[in-house]
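Listed here are the chains, written in short residue letters.
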Amino acid sequence: MKHFFLLSLLVFCISASAQIPSGRSKTVTLFPDYRPAVIKLADGKTNIQKFTNIFLKNSSLVYKKSQDDKVMEASMQVIKSVTIDNREFIKVKNQLAEVVATEGNACLVRVRTIDIETMKSEYLNSSTIASTSMLDDLSAGRGIGESLSTIRMDGAEEEEPYPLMDQFYYVYGDKTTLAHERSVKIVIKKDQRKEYQNTIAFGFNWTNQEDLIKLLKFFQ
């Protein structure tokens, strides 16, 4: 079963060059409990759910019809944006990305997920890992059960077992660009290239959120 746990996690396929380590989590959801959300759908309608969360396996929306009901994974195809606790998430690459900064018509967004490579490495160096089918067959709209919050590595009761990673994107109009030097360079306008080079010339860090915010002005 522990082999199945890891294989289930391997559905992630994200460029390693754009991954940024982001601490650890005790749960496989972004929030420790299920919270109200305002959900804007692709067809323009708005839906309000009382018990929602963000699943860190693939940054998708999960919800319960009542506090004690089973957990369901929403169909990401029909979602446009989600607001939880005044934190806004928009759909990017079929994942929920949190808006961390906005300038004019552009915004910097962050997709936070479980760091699979680190998880694999820790698994290979650990003699045991919790056995469960929590990640079993997570197709959109199917019940995924209360086991969502029960996975832990053996002996890690006081630790935070899930390593996290962030991936940033620039969203402007109907376009999306990965916040990585190679991706950004090709979309910078010709008359902005000198200013762009000056911005990233000294001490700019592509893994630092505050530095990435400095580039928002080039996506107007």
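Scroll up a little and you will see the structure.
Now for a description of the structure that goes with this document. (Residues numbered from 1 in each chain as written. Predicted model: local features only at pLDDT ≥ 70, side-chain atom pairs only at ≥ 80, totals over all residues. Heavy atoms only, no water.)

**Digging into the packing of aromatic side chains**
Point 1. Considering all chains together, one arrives at four aromatic pairs under this definition.
Point 2. Ring geometry for Y170 and F219: centres 4.4 Å apart, planes at 15°, overall stacked. Of this pair, Y170 sits in strand β10 (residues 162-172) while F219 sits in the segment after α5 (209-213), and the two are 49 residues apart along the sequence. Assigned by exposure class, Y170 and F219 land together as buried.
Point 3. When the ring of F204 is compared with that of W206, the centres are 4.9 Å apart and the planes differ by 70°; the resulting orientation is edge-to-face.
Point 4. Owing to a relative accessible area of 13%, F204 belongs among the buried residues under this scheme.
Point 5. Aromatic rings pair up to connect Y170, Y172 and F219 into one cluster.
Point 6. Positioned above the aromatic ring of Y34 is the side chain of K64, whose terminal nitrogen or guanidinium carbon lies 4.5 Å from the ring centre. (Phe/Tyr/Trp six-rings, centres within 6.5 Å; stacked < 30°, edge-to-face > 60°. Helix = DSSP H or I, 4+ residues; strand = E, 2+ residues; numbered from the N terminus. Buried < 20%, exposed > 50% of the residue type's maximum accessible area, 1.4 Å probe, protein only. Lys NZ or Arg CZ within 6 Å of the ring centre and 35° of its normal.)

**What to know about the environment of Y170**
Point 1. On the basis of relative accessible area, Y170 is assigned to the buried category, the value being 0%.
Point 2. Along the chain, Y170 and V99 lie 71 residues apart, while their C-alpha atoms are 9.8 Å from each other.
Point 3. Excluding residues that lie within four positions of it along the chain, Y170 makes contacts with C107, L108, K175, T176, T177, A179, V184, L212, L215, L216 and F219. (Contact = heavy atoms within 4.5 Å.)

**Digging into the side chain of T177**
Point 1. Looking at where T177 falls in the secondary structure, it is placed in strand β11 (residues 175-178).
Point 2. Only 2.7 Å separates the side chain of T177 from the side chain of Y172, close enough to count as a polar contact.
Point 3. Those residues in contact with T177, other than ones at most four positions away along the chain, are Y169, Y170, Y172, S183, V184, V187 and F219. (Polar contact = N/O pair within 3.5 Å; in protein donor to acceptor, adjacent residues only side chain to side chain.)

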